[in-house]
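# Overview (structure and organization)
Now for the letters of each chain:
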Amino acid sequence: MIDAAAQGFAPHHWAAMTAIAAAAGLMHGFVGIGFPLLATPLFGLLFGWRSAVALLVLPTLLVTLGTLWAYRGQADLRAVLREHWPLAALMPLGLVAGVHALHSVPADLLMLLMAGVMIVYLVLDRFGHTDLPAARAHPTLLAVPFGLAAGFCEGALNVAGPMLLIYFLLLDLPVVSIIATLNWLFFAGKTVQSLLMAQRGAFDATVLQATLPIAAVGVVGYFAGLRLRQRADPARYRGWLKATLALMAAGLVLRVAVGGGAA
């Protein structure tokens, strides 16, 4: 493992980074989310968790912009955000705490906590215990804890997606609304996260030189995944989202098992 913030990249590092970015972009395009979900644990294996987060913040921001452009006009974002406004309002507060935790709490603990939340949700869903009329009746109230949790996970682990995805699946929102709203929130969160990490000096010359190639490959992968999704069966979409959560939970547990999460 190397410290990406202090050293340059060898050819095999570039090969690994571009391959991961392409796969993560493809996943993001096909499912509507997933670039940081897949890329962050794999980059963490190569460079340590803090360096992985620093390397992927700006590429994730650009992939998210591509998603917003692709889904523009397909969902009434104003109506969705009016009902779920605590997500946007409280994510920055959670994000500040998450960035602090990134530098003060063992990454292994943070990853296991997130994996645990996802596993609990998937088990409950498997046995039919996530059909909660009270949640659908009071989405604004439910958005308060999920907004804080999503912001915290964004700052600490570079992935707000699982918390937000669980929230929207509990509410059973239309697919297009889920994708558009998630990526709008990702964009807002990544903007704040980028500013906070820049203040901490996370973006040195080594990190910045890798940002554009990673982002370019990720965006190309994204649009390839989007084309694949347009040919797939839309009825299976919620299953893909749940499979994405399961993949992320397994990746986090594997990341902790192989060690090095605190780096």
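From a predicted model like this one, the values you see are computed outputs, not experimental measurements. (Residues numbered from 1 in each chain as written. Predicted model: local features only at pLDDT ≥ 70, side-chain atom pairs only at ≥ 80, totals over all residues. Heavy atoms only, no water.)

On to the overall build of the protein chain. Helix and strand counts for the protein chain come out as 12 helices and 0 strands. Relative to a compact globule of 263 residues, whose C-alpha radius of gyration would be 18 Å, the protein chain shows 17 Å and is just as compact. Each of the three principal axes of the protein chain carries a C-alpha extent, and together these read 50 × 40 × 35 Å. For the protein chain, buried positions account for 50% of its 263 residues. Counting only contacts in the protein chain whose residues sit at least 6 apart along the sequence, the fraction spanning at least 24 positions is 85%. Accessible surface for the protein chain amounts to roughly 11,200 Å². Of this, 69% is attributable to carbon and sulfur atoms. Across the protein chain, the mean location of the 15 positive side-chain charges is 6 Å away from that of the 10 negative side-chain charges. (Helix = DSSP H or I, 4+ residues; strand = E, 2+ residues; numbered from the N terminus. Rg over C-alpha atoms; globule rule 2.2 N^0.38 Å. Buried < 20%, exposed > 50% of the residue type's maximum accessible area, 1.4 Å probe, protein only. Contact = heavy atoms within 4.5 Å. Areas by Shrake-Rupley, 256 points an atom, 1.4 Å probe, with all protein chains shown as cover. Lys, Arg positive; Asp, Glu negative; His and termini not counted. Charge placed at Lys NZ, Arg CZ, Asp CG, Glu CD.)

Looking now at the nonpolar core. Among the nonpolar cores identified, the biggest contains 76 residues, and Phe43 and Leu164 are the most heavily contacted of them. The residues touching Phe43, leaving out its near neighbours within four places in the chain, are Met17, Ile20, Gly48, Ala52, Leu55, Leu56 and Ile214. (Core = buried A, V, L, I, M, F, W, Y, C linked by side-chain atoms within 4.5 Å.)

Orientation of helix H9 (residues 161-171) relative to helix H10 (residues 175-199), taken along the N-to-C sense of each, is 145°, at an axis distance of 11 Å. H9 and H10 meet at a crossing whose hand is right-handed. Mapping the contact onto sequence places Gly161, Leu164, Leu165 and Phe168 in H9 and Ile178, Thr181, Leu182, Leu185 and Phe186 in H10. Split by residue class, the contact of H9 with H10 holds 7 nonpolar, 2 polar and no charged. (Axes fitted to C-alpha atoms, helices over the stretch in contact; angles between N-to-C directions. Left-handed = near helix turned anticlockwise from the far one by under 90°. Nonpolar A, V, L, I, M, F, W, Y, C, P; charged D, E, K, R; others polar.)

Before going further, it helps to spend a moment on helix H3 (residues 49-70). The terminal C-alpha atoms of H3, which comprises 22 residues, lie 30 Å apart, in line with the 32 Å expected from a rise of 1.5 Å per residue. The sharpest bend along H3 reaches about 35° and sits at Leu56, with the proline Pro59 one to four residues further on. For H3, the tally of buried residues reaches 16 of 22 residues, placing the bulk of the element in the interior. (Expected span 1.5 Å × (residues − 1). Bend = angle between axes of the 7 residues up to and from the residue.)

The next point concerns the side chain of His84. Along the polypeptide, His84 turns up in the loop between helix H4 (77-83) and helix H5 (85-102). Using a relative accessible area of 3% as the deciding quantity, one classes His84 as buried. In this structure the side chain of His84 is engaged in a polar contact, spanning 2.6 Å, whose partner is the side chain of Tyr167. (Polar contact = N/O pair within 3.5 Å; in protein donor to acceptor, adjacent residues only side chain to side chain.)

Now for the packing of aromatic side chains. A full pass over the atoms with the stated rule returns 8 aromatic pairs. Centre to centre, the rings of Trp69 and Phe223 are 6.3 Å apart; their planes meet at 75°, and the pair counts as edge-to-face. Placement of the pair is Trp69 in helix H3 and Phe223 in helix H11 (residues 205-230), with a sequence separation of 154 residues. With a relative accessible area of 51%, Trp69 lands in the exposed category. Note on Phe146 and Tyr167: the rings are 5.6 Å apart at their centroids and 50° apart in plane angle, and the pair reads as tilted. (Phe/Tyr/Trp six-rings, centres within 6.5 Å; stacked < 30°, edge-to-face > 60°.)

The terminal C-alpha atoms of H10 lie 36 Å apart, and with 25 residues this matches the ideal 36 Å at 1.5 Å per residue to within 8%. Looking one or two residues beyond H10, the residue adopting positive phi is Gly201, at roughly 75°.

Counted by the stated rule, this structure contains 2 salt bridges. Asp125 serves as the salt-bridge partner of Lys242, at 3.2 Å between the closest nitrogen and oxygen. Taken together, the residues Lys242 in helix H12 (residues 237-258) and Asp125 in helix H6 (residues 107-126) connect sequence positions 117 residues apart. Between Glu154 and Lys190 there is a salt bridge whose closest N-O contact spans 3.1 Å. Linking Glu154 in helix H8 (residues 139-157) with Lys190 in helix H10, this pair joins segments that are 36 residues apart in sequence. (Salt bridge = Lys/Arg side-chain N within 4 Å of Asp/Glu carboxyl O.)

A word on the environment of Arg229. Turning to its location among the elements, Arg229 is positioned in helix H11. C-alpha separation for the pair Arg229 and Ala250, spaced 21 residues apart in sequence, amounts to 23 Å. Excluding residues within four positions of it along the chain, Arg229 makes contact with Gly29, Phe30, Tyr71, Val175, Ile179 and Tyr237. A polar side-chain atom of Arg229 sits 3.4 Å from the main-chain carbonyl oxygen of Phe30.

Function-wise, these values are silent; they only describe arrangement.
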